[in-house]
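Spelled out, the chains give:
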Amino acid sequence: MKKCRILVRGENLQSFLNALSNRKIVLFDVVFEQDSLLFSTNYKNANKILELYSRSNYELCVVKAPKYANIKEFFLKNLGILIAVCLVFVACFAYTNHIWQFKVYGLQNVEYAQVVQAIEDSGVAKGASKASIDTQSIENAIVHNIDGVALASVNIVGTTLIVTISEKINNDAVLDNTNPIVSQYDCVITSIKTTAGTALVGVGDRVAKGQTIIANYVIDSQGNHIASKASGQVYADVYHTYNKTYFSKDAVLQRSGKTYTYNDVYICGIPVLSKNKSGFERYEIETSTQYLSSPIPIKVVKHTVYELVEAQVDVNLNDTQALLEQTIELAKEQLNITEADDIITYLSNNGDGITISVSFVTKQKII
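Here we summarise the structure given alongside this text. (Residues numbered from 1 in each chain as written. Predicted model: local features only at pLDDT ≥ 70, side-chain atom pairs only at ≥ 80, totals over all residues. Heavy atoms only, no water.)

Regarding the nonpolar core
Logical step 1: Membership of the largest hydrophobic core comes to 20 residues, with the highest contact counts inside it found for Val115, Ile119, Ile138, Ile142, Leu161 and Val163.
Logical step 2: Going through the elements one at a time, strand 5 (101–105), helix 5 (112–121), helix 6 (135–145), strand 6 (149–157) and strand 7 (160–167) are the ones with two or more residues in this core.
Logical step 3: In terms of residue count, the dominant contributor to this core is helix 5 (four residues).
Logical step 4: Non-local contacts of Ile138, meaning those with residues more than four positions away in its chain, are made with Ile119, Ser122, Val124, Ile133, Val154 and Leu161. (Core = buried A, V, L, I, M, F, W, Y, C linked by side-chain atoms within 4.5 Å. Buried < 20%, exposed > 50% of the residue type's maximum accessible area, 1.4 Å probe, protein only. Helix = DSSP H or I, 4+ residues; strand = E, 2+ residues; numbered from the N terminus. Contact = heavy atoms within 4.5 Å.)

Put into structure tokens, the structure is as follows:
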């Protein structure tokens, strides 16, 4: 309820209150002073009281009142805001009835860009009206225009066109595997079962990447090599290795303290991209994302660019435990390792410095 605060000066203020009470005018927060009366009342009652005592001996003054009597008056006096609100509702309606992004699932060999191109070739682009989209036509375009796609399913969820791909299975290697099978990893064999060809390694053997595991031949009783397919199942402990050498003086990149900030803005999924104009020769970037409180979905991605400068630091080569822990963290970052069944480390002193080797061991099927 909108209220007004009114100050009244005059004689016999109690009679003034009684008169309002007889007219069933409700007052709030009544405060008496020596020769004045202060109270609050409904906005509509305020105008009635002012008119009623406009020619009386009482002096009435409105000390506080709402700027606008109602929403209608607010918008009439602020046509720009009214127009903006209308535009926002129109934009929201238009936004929710159009497609603003594509999502594709099930890709392994087929590229995302190929699917998007097929969608656009079928006449659908970002911003297209949902009512104009023929999902069956898009499915046919993807299947017929992209090699390697067996099935495609297209659905519309919210403002997103979702495509689920089922790729064709290439059985050539299974049906006609005439090449030898070579290891794609540095590993130690833990289990091997050959169904065709000749195994050249056994359990416990250390195998280098590129080394033949199952040859594409068999050996007869006279020792002759007879051509054969190569197939089987092989399990191994796979080694992912990282090496780092430390010297007593080491050059590192560290932040200079200078920063530069720029923002990318996405309005209804449409990007308004900025550029890194910091001019830093070496730098690293941290990003953070926030959504603005707005009827229209607005996402702001803040990029903070930190200048990096080269500095010389002293390295305590005697603190091998700290160096080892540091190397493990660097190895995880460089090799993108999150989990491992075992970690093997090796430290060697080469006179001028210390070299630490870290190997993450994962047990997996390699064939």
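From this point on, the discussion continues.
Describing helix 8 (residues 320–335)
Logical step 1: With 16 residues, helix 8 should reach 22 Å at 1.5 Å per residue; the first-to-last C-alpha distance of 22 Å fits that figure.
Logical step 2: Of the residues making up helix 8, those classed as buried are Leu323, Thr327, Ile328 and Ala331. Projected down its long axis, helix 8 carries its buried residues within an arc of 140°, all on one side.
Logical step 3: On the buried face of helix 8, the contacting elements are strand 15 (231–247), strand 20 (342–349) and strand 21 (353–365).
Logical step 4: Following helix 8 by one or two positions, Asn336 has its phi on the positive side, about 55°. (Expected span 1.5 Å × (residues − 1). Arc of directions from axis to C-beta.)

Considerations on the sheet that holds strand 17 (residues 270–272)
Logical step 1: An order of 17-16-19-18 is seen for the four strands of this open sheet, with the pairing classed as antiparallel. The strands lining the two open edges of the sheet, one partner per strand, are strand 17 and strand 18 (283–291). Averaged over all neighbouring strand pairs, the angle between strand axes comes to 30°, with direction disregarded.
Logical step 2: In this sheet, strand 19 (residues 298–314) lies alongside strand 16 (residues 249–267) in antiparallel orientation, the contact comprising 16 bridges. Residue pairing in the sheet places Tyr262 in a bridge with His303 of strand 19. (Pairing = 2+ DSSP bridges. Axes fitted to C-alpha atoms, helices over the stretch in contact; angles between N-to-C directions.)

Some remarks on the packing of aromatic side chains
Logical step 1: Following the criterion strictly, the structure yields five aromatic pairs and no others.
Logical step 2: Judged by centre distance (5.8 Å) and plane angle (85°), the ring pair of Tyr53 and Tyr58 falls under edge-to-face. The burial state of Tyr53 is the same as that of Tyr58; both residues are buried.
Logical step 3: An aromatic cluster is defined as three or more aromatic residues linked by ring pairs; in this entry it consists of Phe16, Phe39, Tyr53 and Tyr58.
Logical step 4: The lysine or arginine in question, Lys3, covers the ring of Phe28, its NZ or CZ lying 4.8 Å from the ring centre.
Logical step 5: The side chain of Lys244 reaches across the aromatic face of Tyr246, ending 5.5 Å from its centre. (Phe/Tyr/Trp six-rings, centres within 6.5 Å; stacked < 30°, edge-to-face > 60°. Lys NZ or Arg CZ within 6 Å of the ring centre and 35° of its normal.)

Some points on the sheet that holds strand 1 (residues 3–9)
Logical step 1: Taken in spatial order, the four strands make up an open sheet running 2-3-1-4, and their pairing is antiparallel. In this open sheet, the two edge strands, each paired with only one partner strand, are strand 2 (27–32) and strand 4 (59–64). The mean angle between the axes of side-by-side strands here comes to 20°, regardless of whether they run parallel or antiparallel.
Logical step 2: In this structure, strand 1 lies alongside strand 4, joined through five bridges in antiparallel fashion. Bridged to Arg9 within strand 4 is Glu59.
Logical step 3: Where helix 2 (residues 43–52) meets the sheet, it contacts strand 1, strand 2, strand 3 (36–42) and strand 4, and its direction lies at approximately 135° from that of strand 3.

Concerning the packing of helix 5 against helix 6
For any two helices packed against each other, one specifies the inter-axial angle together with the distance between the axes.
Logical step 1: Contact geometry of helix 5 with helix 6 gives a least axis separation of 9 Å together with a crossing angle of 130°. In terms of axis orientation, helix 5 runs oblique to helix 6. Relative to helix 6, the crossing made by helix 5 is right-handed. Every residue of helix 6 that contacts helix 5 at Val115, Ala118 and Ile119 is listed here: Ile138, Ala141 and Ile142.
Logical step 2: The residue makeup of the contact of helix 5 with helix 6, split by class, is six nonpolar, no polar and no charged. (Parallel < 35°, antiparallel > 145°, perpendicular 65-115°, else oblique. Left-handed = near helix turned anticlockwise from the far one by under 90°. Nonpolar A, V, L, I, M, F, W, Y, C, P; charged D, E, K, R; others polar.)

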